[in-house]
Amino acid sequence: MSEKEKKAEGLNIDKKTLFGIAGLLLVILIFVGALTQFLPRGEFQVDENGSVIAGTYTVNEEFRLPLWKVAASPVLAFTSSKASVGLAIIAIIVLVGGTFLILDRIGVLKYMMAVIVNKFENRRFVLIAVMVLFGMFLSSTAGVLEEALTLVPIAVAISLAMGWDSLTGIGMSFV
């Protein structure tokens with residue numbers, strides 16, 4: 001394989017994109033950190049089931065978050081007691097995304113999409129209903145919520161192959 005072919009394979013992120021994403025995340029962090037200095041925080045009381053008790057909202061007088069916590073929040077988020085849920089979601093998204101990458105590289109994904117497009121060529125609106133119901137089924141049985149992000153490229157590709165725009169594909173994957 002030549003150097004040019006190796007570069008054409010896979011995801012290529014240049015330094016400009018990487019610094020742009022990091023800069024955007026830094027701006028969001030500063031904005032949200034500034035909001036914690038001005039907006040008062042409070043809390044509801046909850047019962048033993050974890051349900052909110054109506055009318056029990058109280059404002060915390062010490063509402064300002066220390067600036068060191070704002071700066072350290074990316075690290076604190078992954079060292080908290082509830083970080084395992086976020087890490088599990090990230091791991092599932094990476095694994096599903098990797099699975100789709102492998103299926104795409106060996107040609108299975110293109111074959112599956114061609115079969116779907118040919119099968120529903122004359123019943124285009126049935127395809128929308130099937131994809132939406134499939135997403136609902138995954139969400140209600142397997143708890144696939146954030147993980148639906150990995151289904152967007154497939155839904156958009158099918159949508160474009162059927163002659164619709166990319167927003168239809170995004171709608172099919174998230175509705």
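Here the structure is a predicted model, which means the values were calculated and not measured. All residue numbers refer to position in the chain's written sequence, counted from 1. Local features in this predicted model are restricted to residues of pLDDT 70 or higher, and side-chain atom pairs are both shown and tallied only at a pLDDT of 80 or more, whereas totals for entire chains, interfaces and linings draw on every residue. Water and hydrogen atoms were dropped before computing side-chain values, which therefore reflect all heavy atoms in the structure.

Colleague: Before we go on, may I ask you to explain the overall build of the protein chain in this structure?
Modeller: What counts as a helix is a DSSP run of H or I of at least four residues, what counts as a strand is a run of E of at least two, and both are numbered from the N terminus. Across its full length, the protein chain holds 9 helices and 2 strands. The secondary structure elements of the protein chain, listed N-terminal to C-terminal, are α-α-β-β-α-α-α-α-α-α-α. Here the term buried applies to any residue with accessible area under 20% of the maximum for its type, exposed to any over 50%, and partly exposed to those in between, with areas from a 1.4 Å probe on protein chains only. Buried positions account for 15% of the 175 residues belonging to the protein chain. For the protein chain, contacts bridging at least 24 residues in sequence account for 50% of all contacts bridging at least 6. Across the protein chain, the centroid of the 14 positively charged side chains sits 9 Å from that of the 14 negatively charged ones. The contact definition used throughout considers only heavy atoms, calling two residues in contact when any of these lie within 4.5 Å. His is not counted, nor are the chain ends, whereas Lys and Arg count as positive and Asp and Glu as negative. Charge coordinates come from a single atom per side chain, which is NZ of Lys, CZ of Arg, CG of Asp or CD of Glu.

Colleague: How do you make sense of a nonpolar patch on the surface when you look at a structure like this?
Modeller: Residues Ile21, Leu24, Leu25, Ile28, Phe31, Val32, Leu35, Phe38 and Leu39 make up a contiguous nonpolar surface patch of roughly 920 Å² in combined accessible area. Within the secondary structure, Val32 is located in helix H2 (residues 15-38). Patch definition: residues above 30% relative accessible area lacking any salt bridge, with like charges linked at up to 9 Å and the nonpolar side chains Val, Leu, Ile, Met, Phe, Trp and Tyr linked at up to 5 Å. Computed with a 1.4 Å probe, the accessible areas rest on the Shrake-Rupley method; for each residue, only the protein chains presented here act as cover. For this document, the term salt bridge refers to a Lys or Arg side-chain nitrogen within 4 Å of an Asp or Glu carboxyl oxygen.

Colleague: Help me understand the side chain of Gln37, please; the structure alone is not making it clear to me.
Modeller: Residue placement: Gln37 occurs in helix H2. Judged by its relative accessible area of 17%, Gln37 is buried. Two N or O atoms count as a polar contact when they lie within 3.5 Å, although within protein this holds only if one can serve as hydrogen donor and the other as acceptor, and sequence-adjacent residues are included solely when both atoms are side-chain atoms. In this structure the side chain of Gln37 is engaged in a polar contact, spanning 3.5 Å, whose partner is the side chain of Thr36.

Colleague: It is not clear to me how the layout of surface pockets should be interpreted in this structure. Could you clarify?
Modeller: Space left empty within the atom packing is revealed by a probe, the size of a water molecule, rolled over the atoms. Only protein atoms enter the calculation, which uses a 1 Å grid: trapped sets of points that fit a 1.4 Å probe without letting it out are cavities, open sets showing protein on both sides within 12 Å along at least five of seven lines are pockets, and any residue with an atom within 4 Å of a point is a lining residue. Grid points are joined across faces, edges and corners, and a volume is the space filled by probe spheres set on the points. Taken as a whole, the largest pocket holds about 340 Å³ of empty space. Breaking the lining of the largest pocket down by element, the ones donating at least two residues are helix H6 (108-119), helix H7 (124-142), helix H8 (152-161) and helix H9 (166-174). Looking at which element gives the most residues to the lining of the largest pocket, the answer is H7, with 5 residues. Just so you know the grouping, Ala, Val, Leu, Ile, Met, Phe, Trp, Tyr, Cys and Pro go in nonpolar, Asp, Glu, Lys and Arg go in charged, and all remaining residues, Gly too, go in polar. Taken together, the residues that form the lining of the largest pocket break down as 14 nonpolar, 2 polar and no charged. The space that makes up the second largest pocket amounts to roughly 170 Å³. Along its surface, the second largest pocket is lined by Gly97, Phe100, Leu101, Asp104, Leu109, Met113, Pro153, Ile154 and Ala157. When contributions to the lining of the second largest pocket are tallied by element, the ones reaching two or more residues are helix H5 (83-105), H6 and H8. Per element, the largest residue contribution to the lining of the second largest pocket is 4 residues, and it comes from H5.

Colleague: Just checking my understanding: could you explain the packing of aromatic side chains for this structure?
Modeller: What characterises a pair of aromatic rings is the spacing of the ring centres plus the angle enclosed by the ring planes. Only centres within 6.5 Å qualify two rings of Phe, Tyr or Trp (six-membered ring in Trp) as a pair; their planes then separate them into stacked at under 30 degrees, edge-to-face at over 60, and tilted for everything else. If you walk through the whole model with that rule in mind, you get 2 aromatic pairs. Ring geometry for Phe44 and Tyr57: centres 5.1 Å apart, planes at 55°, overall tilted. One end of the pair, Phe44, is in the loop between strand E1 (42-43) and strand E2 (58-59); the other, Tyr57, is in the loop between E1 and E2, and 13 residues separate them in sequence. A residue is classified by how much of its surface remains accessible, and Phe44, at 44% relative accessible area, is partly exposed. Under the relative-accessibility criterion, Tyr57 is labelled partly exposed at 42%.

Colleague: So what exactly am I meant to see when it comes to H9 here?
Modeller: Given 3.6 residues per helical turn, the α-helix brings residues three or four places apart onto the same face. The complete set of buried residues in H9 reads Gly169, Met172 and Ser173. Each buried residue of H9 lies within a common arc of 95° when the element is viewed along its axis, so the set occupies one face. Directions are taken from the helix axis to each C-beta atom, and the arc is the one they span.

Colleague: Any chance you could explain the packing of H6 against H8 here in plain terms?
Modeller: When two helices pack together, their arrangement is given by the angle between the helix axes and by the axis-to-axis distance. Close contact between H6 and H8 brings their axes to 10 Å; oriented N to C, the two are set at 45°. Relative to H8, H6 is oriented oblique. As H6 packs across H8, the resulting crossing turns out to be right-handed. When H6 is examined against H8, the residues Leu109, Met113, Ile116 and Val117 are found in contact with a partner set consisting of Ile154, Ala157, Ile158 and Ala161. Here the contact of H6 with H8 is built from residues that sort into 8 nonpolar, no polar and no charged. Note on geometry: axes are C-alpha line fits, over the in-contact stretch for helices, and angles between N-to-C directions span 0 to 180 degrees. Roughly parallel refers to an angle under 35 degrees, roughly antiparallel to one over 145, roughly perpendicular to one between 65 and 115, and oblique to any angle outside these ranges. Handedness of a crossing is defined here by the sense of rotation of the near helix relative to the far one, left-handed for an anticlockwise turn of less than a right angle and right-handed for a clockwise turn.

In short, shape yes, function no, at least from these values alone.
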